Amino acid sequence: MEYYFSKTLNVSYDEAVKQVSEGLKTEGFGVVSEINMHDTLKNKIGVDFKRYKILGACNPPYAYKALQAEDKIGTMLPCNVLVIEQGQNEIEIAAVNPIASMQAITNPSLANIALEVTNKLKRVIENL
C-alpha cells in the first residue's frame, strides 16, 4: 500500500496552493500549519531547494473522533498535503494516505476513521 497519493497540475505554484487549500476546505479540512521547505532550508542550512510546501490539514470532527479512540494519535496529526514544484507550471500535489499511517497503530477503532479521512483526501486530490 502506498503511503501517499498524488496528482500533477499544470498551473502556477501559487495557483496550486490556492486550489489545494480550497479543495481541502470543500472536504471539511482547514490548513492549520504551513511549512515552506524552500525558505526553511535556505535560512537554516543555506541550501537552494525547489518550492516545496507542507500544508498541515485538519478536519476537526475526524480529529476529535481519532483522539477519542487513541489519545496518542496526535503524533500523526495533522494530515500532510504537499505542494511541490517539479518544473515550470508542473506542480505535484501529494497527500498522506491515512490508512497506511494507521496500520502502525493496533487500535481497530481507528480503521473506519482512517478510511473516511482517506476518501476525503483522495477526493481533494482527484478534484484538482
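Summary of the structure given here. (Residues numbered from 1 in each chain as written. Predicted model: local features only at pLDDT ≥ 70, side-chain atom pairs only at ≥ 80, totals over all residues. Heavy atoms only, no water.)

1. Examining the overall build of the chain
- A tally of helices and strands in the chain yields 5 helices and 5 strands.
- In the chain, the succession of helices and strands from N to C terminus is β-α-β-α-β-α-β-β-α-α.
- The globule rule puts the C-alpha radius of gyration for 128 residues at 14 Å, and the 15 Å found for the chain is close to it.
- By principal-axis analysis of the C-alpha atoms, the chain measures approximately 45 × 35 × 25 Å.
- Buried residues in the chain amount to 36% of all 128 residues. (Helix = DSSP H or I, 4+ residues; strand = E, 2+ residues; numbered from the N terminus. Rg over C-alpha atoms; globule rule 2.2 N^0.38 Å. Buried < 20%, exposed > 50% of the residue type's maximum accessible area, 1.4 Å probe, protein only.)

2. Focus on the packing of aromatic side chains
- Summed over the entire model, instances satisfying the criterion amount to 2 aromatic pairs.
- Summarising the aromatic geometry, the rings of Tyr-3 and Tyr-4 are spaced 5.0 Å apart at their centres and angled 70° between planes, so their arrangement reads as edge-to-face.
- Assessed through its relative accessible area of 61%, Tyr-3 is described here as exposed.
- On the numbers, 5.8 Å between centres and 55° between planes, the contact of Phe-49 with Tyr-52 is tilted.
- Looking at Phe-49, the relative accessible area reads 31%, which means it is partly exposed.
- Over the aromatic face of Tyr-62 sits the side chain of Lys-65, whose NZ or CZ is 4.8 Å from the ring centroid.
- Positioned above the aromatic ring of Phe-5 is the side chain of Lys-122, whose terminal nitrogen or guanidinium carbon lies 5.8 Å from the ring centre. (Phe/Tyr/Trp six-rings, centres within 6.5 Å; stacked < 30°, edge-to-face > 60°. Lys NZ or Arg CZ within 6 Å of the ring centre and 35° of its normal.)

3. A few points about unusual backbone geometry
- The residue after Leu-77, namely Pro-78, is reached through a cis peptide bond having omega -5°.
- Mapped onto the elements, Pro-78 comes out in the loop between helix H3 (60-69) and strand S4 (79-87).
- Positive phi, normally seen in glycine, also occurs at Asn-89, with a value near 55°.
- Along the chain, Asn-89 falls in the loop between S4 and strand S5 (90-96).

4. Topic: the side chain of Lys-120
- Counting through the fold element by element, Lys-120 comes out in helix H5 (residues 111-126).
- If sequence neighbours within four positions are ignored, Lys-120 has contacts with Glu-27, Phe-29, Asn-59 and Tyr-62. (Contact = heavy atoms within 4.5 Å.)

5. Looking at the nonpolar core
- Val-20, Leu-24, Val-81, Val-83, Ile-93, Val-117 and Leu-121 are the most contacted members of the largest nonpolar core, which totals 28 residues.
- Sorting the residues of this core by element identifies strand S1 (4-9), helix H1 (13-26), strand S3 (52-58), H3, S4, S5 and H5 as the ones contributing at least two each.
- Tallying contributions element by element places H5 first for this core, with 6 residues.
- Counting 5 residues, the second-largest nonpolar core is a separate cluster that includes Ile-54, Leu-82, Ile-84 and Ala-94. (Core = buried A, V, L, I, M, F, W, Y, C linked by side-chain atoms within 4.5 Å.)

6. With respect to the packing of H3 against H5
- Following both chains from N to C, one finds H3 and H5 inclined at 155°, their axes separated by 10 Å at the closest point. Judged by the inter-axis angle, H3 sits roughly antiparallel to H5. For the pair H3 and H5, the crossing hand works out as left-handed. Contacts between H3 and H5 pair Tyr-62, Lys-65 and Ala-66 from the former with Ile-113, Glu-116, Val-117 and Lys-120 from the latter.
- Along the lines of polarity and charge, the residues of the contact of H3 with H5 split into 4 nonpolar, no polar and 3 charged. (Axes fitted to C-alpha atoms, helices over the stretch in contact; angles between N-to-C directions. Parallel < 35°, antiparallel > 145°, perpendicular 65-115°, else oblique. Left-handed = near helix turned anticlockwise from the far one by under 90°. Nonpolar A, V, L, I, M, F, W, Y, C, P; charged D, E, K, R; others polar.)

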